[in-house]
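Residue strings, one per chain:
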Amino acid sequence: MGYKEMHVQLIRPQATQLSFRLYERSLHPELFDTYAEASLLTADLQATCRICLGGHSVTLAHGSRVVTEVVGSDEDDFPEFGQCVRHRLRNGRDATSHLRSGAKYHWGAHVEFTDPEVFDYLHNELVSELPSATLSYQFPAVHRLRPGPISLLFLESLPHALSIRSFHTFPDDLAVLRTQSLLKF
């Protein structure tokens, strides 16, 4: 797995401004404020993962099929061409998308708003998972009373499928976003 880290200015969106998007194509890397990036290559699949300002992007290629999952600010200016799902995340949603290529994309995205003690507990649990993640990034804290946001991506290659799990913390909102996706090809 290749890994590189990038730094740009941090202004993370609020958890209430997030959306889940799915494209049946790749998106140009310049569309993302990328903080960390990794690639995964198996015998039949190639994945490029990015941790971005408000979440992540994962581009999956299997033969001629290409799918891109994006979690980020609803205000980001992404193209509509090739977009097959756009869901504004308020609380949560689980769905299945049947793609033109014949693949199925099962996905779920949930934002949990907590009280400070629960958030601190969840945040510390996720910090302990940073070393085992496929890709992770710990953003700097913006003030001394709250920890810096963290993002973790876990990818697992399965027979004829790829599983993606992500966790993103939003300390200013005392919120945790978790997503889970399964691409069956």
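Here, every reference points to the structure presented above.
Residues numbered from 1 in each chain as written. Predicted model: local features only at pLDDT ≥ 70, side-chain atom pairs only at ≥ 80, totals over all residues. Heavy atoms only, no water.

A. A look at the overall build of the chain. Secondary structure summary: the chain contains one helix and 13 strands in total. When its helices and strands are written in sequence order, the chain yields β-β-β-β-β-β-β-β-β-α-β-β-β-β. The C-alpha atoms of the chain give a radius of gyration of 16 Å, which matches the 16 Å a tight globule of 185 residues would have. Along the three orthogonal principal directions, the C-alpha set of the chain runs to about 50 × 30 × 30 Å. When contacts within the chain are restricted to residue pairs at least 6 apart in sequence, long-range pairs at least 24 apart make up 60% of them. As displayed, the chain offers around 9200 Å² of accessible surface, 48% of which is attributable to carbon and sulfur atoms. Each charge class in the chain was averaged separately, 17 positive and 22 negative side chains, and the resulting centres sit 6 Å apart. (Helix = DSSP H or I, 4+ residues; strand = E, 2+ residues; numbered from the N terminus. Rg over C-alpha atoms; globule rule 2.2 N^0.38 Å. Contact = heavy atoms within 4.5 Å. Areas by Shrake-Rupley, 256 points an atom, 1.4 Å probe, with all protein chains shown as cover. Lys, Arg positive; Asp, Glu negative; His and termini not counted. Charge placed at Lys NZ, Arg CZ, Asp CG, Glu CD.)

B. Structural detail: the packing of aromatic side chains. Evaluated as defined, the whole model comprises six aromatic pairs. Ring geometry for Tyr35 against Tyr137: centres 5.4 Å apart, planes inclined by 45 degrees, an arrangement best described as tilted. Note that Tyr35 is positioned in strand E3 (residues 34-41) and Tyr137 in strand E10 (residues 135-138), a separation of 102 residues in sequence. When sorted by exposure, Tyr35 lands in the same class as Tyr137, which is buried. An aromatic cluster of three or more residues is present, and its members are Tyr35, Tyr137 and Phe139. The residue whose ring lies beneath Arg12 is Phe170, and the NZ or CZ to ring-centre distance is 4.5 Å. The cationic tip of Arg165 hangs over the ring face of Phe154; the distance from NZ or CZ to the ring centre is 4.6 Å. (Phe/Tyr/Trp six-rings, centres within 6.5 Å; stacked < 30°, edge-to-face > 60°. Buried < 20%, exposed > 50% of the residue type's maximum accessible area, 1.4 Å probe, protein only. Lys NZ or Arg CZ within 6 Å of the ring centre and 35° of its normal.)

C. Spatial organisation of the sheet that holds E10. Read across the open sheet, the six strands follow the order E8-E9-E13-E12-E11-E10; overall the sheet is antiparallel. One side of each edge strand has no neighbouring strand; the edge strands of this open sheet are strand E8 (92-98) and E10. For this sheet, the mean angle separating the axes of adjacent strands, direction not counted, is 10 degrees. Of the pairings in the sheet, the one linking E10 to strand E11 (residues 150-158) comprises four bridges and is antiparallel in character. (Pairing = 2+ DSSP bridges. Axes fitted to C-alpha atoms, helices over the stretch in contact; angles between N-to-C directions.)

D. Up close: the nonpolar core. By size, the foremost hydrophobic cluster in this structure holds 38 residues, and its most contacted members are Phe20, Leu60, Tyr105, Leu153, Leu155, Ile164 and Leu183. Discounting residues that sit within four places of it in the chain, Leu60 has contacts with Leu45, Gln46, Ala47, Arg65, Val66, Val67, Tyr105, Leu162, Ile164 and Leu183. Residues Ile150, Leu152, Leu174 and Val176 belong to the second largest nonpolar core, which totals 10 residues. (Core = buried A, V, L, I, M, F, W, Y, C linked by side-chain atoms within 4.5 Å.)

E. Quick peek at helix H1 (residues 116-129). Its 14 residues give H1 an end-to-end C-alpha distance of 20 Å, which sits within 8% of 20 Å, the value for a rise of 1.5 Å per residue. What H1 keeps buried is the set Phe119, His123 and Leu126. One face of H1 carries all of its buried residues, which in axial projection span an arc of 65 degrees. Every exposed residue of H1 that faces more than 90 degrees away from the buried side is listed here: Glu117, Tyr121 and Asn124. Where H1 is buried, its residues meet E11, strand E12 (161-170) and strand E13 (175-184). (Expected span 1.5 Å × (residues − 1). Arc of directions from axis to C-beta.)

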